[in-house]
Amino acid sequence: MQDSTQTKSKYNKTIIVGGYDNITFFTVLTLVLFGVVMIFSSSYYAAATSSKWGNDMFYFIVKQSLAVGLGFIAMLVMSAINYERLKGLPIFLGYLVSNALLIYVKFFGQVINGARRWIRIPVFGSFQPSELAKIMVILLLAYYISEDKNRVRTPQGLAVCAAIALLPCTLVFWGNNLSTAIIIAAIAFCMVFVSSPYFLPFIGLAGAAVAALVAYLTLSDGFRSERFAVWKNPFIDPQDRGYQTIQSLYAVASGGLFGLGLGKSHQKLIFMPEPFNDFIFAVVCEELGFFGATILLILFVVLIWRGVVISMKAKDLFGSLIALGITVMIAVQVIINVAVVTNTIPNTGIPMPFISYGGTSIVFVMAGMGVLLNISRYRNKSQ
């Protein structure tokens, strides 16, 4: 009986190498194609009627298609490289570079729509360092915790985990990008939470963080408190801070069950500024209706489900935590984006992964998907 148990234990620990997770792969491709279609639908009028973009209706779709092509290459490359090769020095150097770029962008970054968050790179366009910072926090935390899983059981280990996340969070927040800082903090929290045997302290910490955030938004002076007030009632400032939210709600409401039809949004024409960016989900609701928006959200649910499955079936803790971190990154961004568009939370600039216009975002998200696909190749046979 004992020999049988030992044999079974060895069998359960056997690692097998198989193909990539096909559901994840085809879900990503579907989301990317959906995003390309919606970016063209939501941008062609603005691009064609503005000299800012050369009166070229294909301006945004061409740029996004190039970024998608680069992202697809990044996904294929990262899916082919064994994720274990990311361990050690490459992660730490990447982490340091990402933080150095966050400091650089604060002083010398390119200003777009009033925000200094980009670095202008000749030929390639604009690069947003905060996208790199998200990935590097995931990789470094996964490496630090997986090297000794008992680290999350000690105050010193937890302090190091907090410091890994706190540095880029502080730099991003310093650059007036609270929403991205929240995303990085949420990623780190979830990764440490699932690695730790403790439960109640994390729940208390999460509650305290939410309370502190609400207090900060409510009591602070300046545009953040104004944004919080406008969130409660966008019509107190309908021509300025509440304008985007009001137009977004009009778009969502006018879509009905099946929408006005692809390309037939009214709000994108003259009412909603740059509808191809953070508020593209409002155009999805208006043109494709509740049905189309639901299909899109179901695709994200499928992707998040597969990410969790890949994390649970990973051959080691390092891969499991990377898969979890990437999945949380996607999930939190989708939740925040949909919540902003529907005015469930105060307006903040977070793109919808795969769908919103943005070269840096699509490249790094697809690279992350490549790592996720690579992790899916290696799994415990028992699972």
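Just above, that's the structure.
Note that the coordinates shown come from a computational prediction; the quantities given were computed from them, not determined experimentally.

Caption draft 1: Up close: the pattern of salt bridges. In the structure shown here, the tally under the stated rule is five salt bridges. With its nearest N and O atoms 2.5 Å apart, the salt bridge here joins D21 to R306. Remark: R306 occurs in helix α12 (residues 280-313) and D21 occurs in the loop between β1 (15-17) and α2 (22-48); sequence separation between them is 285 residues. Just as D21 is buried, R306 falls in that class too. A salt bridge links K268 to E287; its shortest N-O distance comes to 2.9 Å. Residue K268 is found in helix α11 (residues 267-270), and its partner E287 is found in helix α12; the two are separated by 19 residues along the sequence. With respect to class, K268 is no different from E287; both count as buried.

Caption draft 2: Inspection of the packing of helix α3 (residues 59-80) against helix α14 (residues 359-377) at higher detail. Here α3 crosses α14 at 20°, and the two axes come no closer than 7 Å. The pairing of α3 with α14 is recorded here as roughly parallel in orientation. Judged by the sense of rotation from one axis to the other, the crossing of α3 with α14 is right-handed. Contact residues: α3 offers Q64, A67, V68, L70, G71, F72, A74, M75, M78, S79 and A80, while α14 offers G359, I362, V363, M366, A367, M369, G370, V371, L373 and N374. Here the residues of the contact of α3 with α14 sort into 15 nonpolar, six polar and no charged.

Caption draft 3: Focus on helix α4 (residues 89-108). Here α4 is 20 residues long and its end C-alpha atoms lie 28 Å apart, about the 28 Å a rise of 1.5 Å per residue gives. Every buried residue of α4 is accounted for by I91, G94, Y95, S98, N99, L102 and V105. For α4, the buried positions fall inside an angular range of 135° around the axis, keeping them on one side. Exposed side chains of α4 directed beyond 90 degrees from the buried face belong to L89 and F108.

Caption draft 4: Structural view of the side chain of S43. Inspection of the secondary structure assignment puts S43 in helix α2. In this structure S43 comes out as buried when scored by relative accessible area, which is 0%. Only 2.6 Å separates the side chain of S43 from the backbone oxygen of I39, close enough to count as a polar contact. Excluding residues that lie within four positions of it along the chain, S43 makes contacts with F60 and F276.

Caption draft 5: Geometry of the nonpolar core. With 96 residues, the main nonpolar core has I322 and F354 as its most contacted residues. With 15 residues, helix α13 (residues 317-341) is the single largest residue contributor to this core.

Caption draft 6: Molecular detail of a nonpolar patch on the surface. Taken together, the side chains of L257, F258, F290, F291, I295 and I298 make up a nonpolar region of the molecular surface, amounting to roughly 650 Å² of accessible area. When you line up the elements, F291 lands in helix α12. The class for F291 is partly exposed, based on a relative accessible area of 48%.

Caption draft 7: Structural detail: the environment of D278. Examined against the element boundaries, D278 turns out to sit in the loop between α11 and α12. Along the primary structure D278 and S356 are separated by 78 residues, whereas in three dimensions their C-alpha atoms are 6.1 Å apart. With residues up to four places along the chain from it excluded, the contact list for D278 reads N337, V341, G349, I350, P351 and S356.

Caption draft 8: Focus on the sheet that holds strand β3 (residues 115-121). Strand order across the open sheet formed by three strands is β2-β3-β4, with antiparallel pairing between neighbours. Of all strands in the sheet, those bounded by a partner on one side alone are β2 (110-112) and β4 (125-127). The sheet shows a mean angle of 55° between the axes of neighbouring strands, direction not considered.

Caption draft 9: Highlighting α13. Helix length check: α13, at 25 residues, gives a terminal C-alpha distance of 36 Å against a target of 36 Å (1.5 Å per residue), a fit within 8%. Counting buried positions along α13 gives 23 out of 25 residues, so the element sits mostly inside the fold. Within two residues after α13, N343 carries a phi angle of roughly 60°, on the positive side.

Conventions used here
In this convention, every chain numbers its residues from 1, walking through the sequence in written order. Only residues with pLDDT of 70 or above have their local features reported here, since the model is predicted, and side-chain atom pairs are shown and tallied only from 80 upward, although totals for entire chains, interfaces and linings are computed over all residues. Only hydrogens and water are set aside when side-chain values are computed; all heavy atoms of the structure are taken into account. Within this document, salt bridges are pairs made up of a side-chain nitrogen of Lys or Arg and a carboxyl oxygen of Asp or Glu, the two lying within 4 Å of each other. Working definition: helices are DSSP H or I runs of at least four residues, strands are E runs of at least two. Numbering for both runs from the N terminus. To sort residues, take the accessible area from a 1.4 Å probe on protein chains only and compare it with the maximum for the residue type: under 20% means buried, over 50% means exposed, and anything in between is partly exposed. Lines fitted to the C-alpha atoms define the axes, with helices restricted to the stretch that makes contact. Angles between their N-to-C directions range from 0 to 180 degrees. Angular relationships are summarised with four words: roughly parallel below 35 degrees, roughly antiparallel beyond 145, roughly perpendicular across 65 to 115, and oblique for the angles in between. Rotating anticlockwise by less than a right angle from the far helix to the near helix defines a left-handed crossing, while the corresponding clockwise rotation defines a right-handed one. Contact between two residues is taken to exist if any of their heavy atoms lie within 4.5 Å; hydrogens are not considered. Each residue is assigned to one class: nonpolar for Ala, Val, Leu, Ile, Met, Phe, Trp, Tyr, Cys and Pro, charged for Asp, Glu, Lys and Arg, and polar for all the others, Gly among them. By this rule, a helix spans an expected 1.5 Å times one less than how many residues it contains. For this quantity, the arc is that covered by the directions from the helix axis to the C-beta atoms. As used in this structure description, the phrase polar contact means that two N or O atoms lie within 3.5 Å; if the pair is within protein, one of them must be able to donate a hydrogen and the other to accept it, and residues adjacent in sequence are counted only when both atoms belong to side chains. The term nonpolar core refers to a set of buried residues drawn from Ala, Val, Leu, Ile, Met, Phe, Trp, Tyr and Cys, joined through side-chain atoms within 4.5 Å. Patch definition: residues with relative accessible area over 30% and no salt bridge; like charges joined within 9 Å; nonpolar side chains (Val, Leu, Ile, Met, Phe, Trp, Tyr) joined within 5 Å. Computed with a 1.4 Å probe, the accessible areas rest on the Shrake-Rupley method; for each residue, only the protein chains presented here act as cover. DSSP calls a pair of strands paired once it identifies at least 2 bridges connecting them.

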